[in-house]
Amino acid sequence: MAGEPMQIGEVAARTELSLRTIRQYEDNGLVVPSAASPGGFPLYTDADVSRLMVVRRMKPLGFTLDETRELLTAVDLLAAERAGTDTELDPDERAALVARVRGYERAAAERVAELRAQLSRAEEFADSLRRTRLTAAPA
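Residues numbered from 1 in each chain as written. Predicted model: local features only at pLDDT ≥ 70, side-chain atom pairs only at ≥ 80, totals over all residues. Heavy atoms only, no water.

- The chain goes by MerR family transcriptional regulator in an unreviewed UniProt entry, where it is assigned to Streptomyces flavochromogenes.

What follows is the structure, given as structure tokens:
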């Protein structure tokens, strides 16, 4: 573990997620606390916080929890792979996982482009309102 394990309150502050949301993500299997305090309370590592940040970043792009879980699973399997061990992936499986991650990368880029276009239209609208000359109603 890098750094000291954190309680859920500190994780919430770091990720800007509510305690309820973090617990929901735990219940959905998106993050599992890496440790526990002597009293049995969950403790989180920097890696757990990084994982929560992935979830947090995917949500405003419209990815579902199932899609988020699928991406995290693919990334986990690729990161855990070690040649010559039980974690070594079959070449076809590895290629499929890499393709899945690249698919999410493309989808994220497309969604970011869509959001930028929406933001541009919204800024144009706000600018047009600022330029509008309003006069007082006649008395």
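What follows continues from the structure just given.
**Comments concerning the overall build of the chain**
Point 1. In terms of regular secondary structure, the chain is built from 5 helices and 2 strands.
Point 2. Helices and strands appear in the chain in the N-to-C order α-α-β-β-α-α-α.
Point 3. Taking 139 residues into account, the globule formula puts the C-alpha radius of gyration at 14 Å, and the chain, at 22 Å, lies well above it.
Point 4. For the chain, the spread of C-alpha atoms along the principal axes amounts to about 85 × 45 × 25 Å.
Point 5. Here the chain holds 139 residues, and the buried ones make up 24% of them. (Helix = DSSP H or I, 4+ residues; strand = E, 2+ residues; numbered from the N terminus. Rg over C-alpha atoms; globule rule 2.2 N^0.38 Å. Buried < 20%, exposed > 50% of the residue type's maximum accessible area, 1.4 Å probe, protein only.)

**Here's the deal with the side chain of Glu 81**
Point 1. Structurally, Glu 81 can be placed in the loop between α4 (65-80) and α5 (91-131).
Point 2. Looking at Glu 81, its side chain comes within polar contact range of the main-chain nitrogen of Leu 89, at 3.1 Å.
Point 3. Here the side chain of Glu 81 touches Arg 94 through a polar contact of 2.7 Å, side chain to side chain.
Point 4. In contact with Glu 81, other than residues within four places in its own chain, are Thr 87, Glu 88, Leu 89 and Arg 94. (Polar contact = N/O pair within 3.5 Å; in protein donor to acceptor, adjacent residues only side chain to side chain. Contact = heavy atoms within 4.5 Å.)

**Concerning the environment of Glu 105**
Point 1. Residue position: Glu 105 is located in helix α5.
Point 2. As for Glu 105 and Ala 36, which are separated by 69 residues in sequence, their C-alpha atoms are 33 Å apart.
Point 3. Reaching out from Glu 105, the side chain makes a polar contact with the side chain of Arg 102 at a distance of 2.9 Å.

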